[in-house]
Amino acid sequence: MIAHIHGKIVEKTPTEVVIDCGGVGYHINISLHTYSLLPASENIKLYTYLQIKEDAHMLFGFVEKSEREIFKMLLSVSGIGAGIARTMLSSMEPKQIIQAIAVGNVAAVQSIKGIGAKTAQRAILDLKDKVLKLYDLDEVSIQSNNTSKDEALSALEVLGFNKKLAEKVVDKVLMEDASATVESIIKKALKNL
């Protein structure tokens, strides 16, 4: 397994980055939470998780080790794959996911696209004890970066939403708050899609 990658950012979008490490460009899928924490400098270190499937090898990157551990815990739940786990980490802060699981808030977990009632209940049942043992519920912080409407739309498309529908919802979000960050635009849009 590739534990981390340290190199220069060559490309960056809200859902993926390409990091040049020793002349090799690594395509790494990221969550919106990780995107919001990416440093302004070109050189970064991402903790990674390599998913090997029959038809693809996918690399997922995280600024914080704790987010990677939450991602891995989510993958251990039947019915939650890498795409849904990334959507969860894009829809809610890792701290919010942990709190929802710790207190058994099925509605909060179920509000994420791709999570039904049974999957939400299963996630809480499977992970509640692990979460209570491992995490101090005040440990995860978040920062925000300002970006454009196009980046928000691009991220929503990569997450599997229809472009025209996503554009209508993003426009509505921007009418309510014209100075919203790309992260808040996407989070509000995810709740309305």
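Residues numbered from 1 in each chain as written. Predicted model: local features only at pLDDT ≥ 70, side-chain atom pairs only at ≥ 80, totals over all residues. Heavy atoms only, no water.

Student: Explain the pairing of strand S5 (residues 57-62) here, please?
Tutor: Remember that side chains alternate between the two faces of the sheet whenever the strand is regular. Here strand S4 (residues 43-52) runs beside S5; their pairing, made up of 6 bridges, is antiparallel. Opposite Leu-50, over in S5, you have Leu-59 as the bridge partner. Here S4 folds back onto S5 in antiparallel fashion, the turn holding 4 residues. (Pairing = 2+ DSSP bridges. Helix = DSSP H or I, 4+ residues; strand = E, 2+ residues; numbered from the N terminus.)

Student: Where do I start with the layout of surface pockets in this structure?
Tutor: Any empty space left between the atoms is revealed when a probe the size of a water molecule rolls over them. When its volume is computed, the largest pocket comes out at roughly 200 Å³. Taken together, Ser-91, Met-92, Glu-93, Gln-96, Ala-108, Ser-111, Ile-112, Lys-113, Lys-187, Leu-190 and Lys-191 form the lining of the largest pocket. A total of 3 residues in the lining of the largest pocket trace back to one element, the largest contributor, which is helix H9 (residues 182-192). Grouping the constituent residues of the lining of the largest pocket by class yields 4 nonpolar, 3 polar and 4 charged. (1 Å grid on protein atoms, 1.4 Å probe; cavity = no way out; pocket = protein on both sides within 12 Å on 5 of 7 lines; lining within 4 Å. Points joined across faces, edges and corners; volume = space filled by probe spheres on them. Nonpolar A, V, L, I, M, F, W, Y, C, P; charged D, E, K, R; others polar.)

Student: Please explain the packing of aromatic side chains as it appears in this structure.
Tutor: Given two aromatic rings, their pairing is described by the distance between the two centres and the angle made by the two planes. Taken as a whole and assessed by the stated rule, the structure comprises 3 aromatic pairs. Taken together, a centroid distance of 5.1 Å and an interplanar angle of 50° make the contact between Phe-62 and Phe-71 tilted. You can call Phe-62 buried: its relative accessible area is 2%. Three or more aromatic residues joined by ring pairs form one cluster here, namely Tyr-49, Phe-60, Phe-62 and Phe-71. (Phe/Tyr/Trp six-rings, centres within 6.5 Å; stacked < 30°, edge-to-face > 60°. Buried < 20%, exposed > 50% of the residue type's maximum accessible area, 1.4 Å probe, protein only.)

Student: What's the story with the pattern of salt bridges in this structure? I'm lost.
Tutor: Pairs can form between side chains of opposite charge whenever their charged atoms are close. Across all of its chains, the model carries 4 salt bridges by this definition. With its nearest N and O atoms 3.5 Å apart, the salt bridge here joins Glu-69 to Arg-68. Using a relative accessible area of 9% as the deciding quantity, one classes Arg-68 as buried. Residues Lys-187 and Glu-183 are paired through a salt bridge, measuring 3.4 Å at the closest nitrogen-oxygen approach. You can see Lys-187 and its partner Glu-183 sitting in helix H9, 4 residues apart, about one turn around the helix. By relative accessible area, Glu-183 is classed as buried at 8%. (Salt bridge = Lys/Arg side-chain N within 4 Å of Asp/Glu carboxyl O.)

Student: Mind showing me how you'd approach the side chain of Thr-34 here?
Tutor: Of note, Thr-34 is situated in helix H1 (residues 32-37). Residue contacts for Thr-34: discarding those within four places in its chain leaves Leu-46, Gly-61, Phe-62, Val-63 and Glu-67. (Contact = heavy atoms within 4.5 Å.)

Student: Which parts of the structure should I look at to understand the packing of helix H8 (residues 163-176) against H9?
Tutor: The angle between the axes and the distance between the axes are what describe a pair of packed helices. In contact at an axis separation of 9 Å, H8 and H9 are set at 125° when each is read in the N-to-C sense. For the element pair H8 / H9, the angle class is oblique. Classified by chirality, the crossing of H9 by H8 is right-handed. Of H9, the residues touching H8 (which contributes Val-169, Val-170, Val-173 and Leu-174) are Ile-185, Lys-188, Ala-189 and Asn-192. (Axes fitted to C-alpha atoms, helices over the stretch in contact; angles between N-to-C directions. Parallel < 35°, antiparallel > 145°, perpendicular 65-115°, else oblique. Left-handed = near helix turned anticlockwise from the far one by under 90°.)

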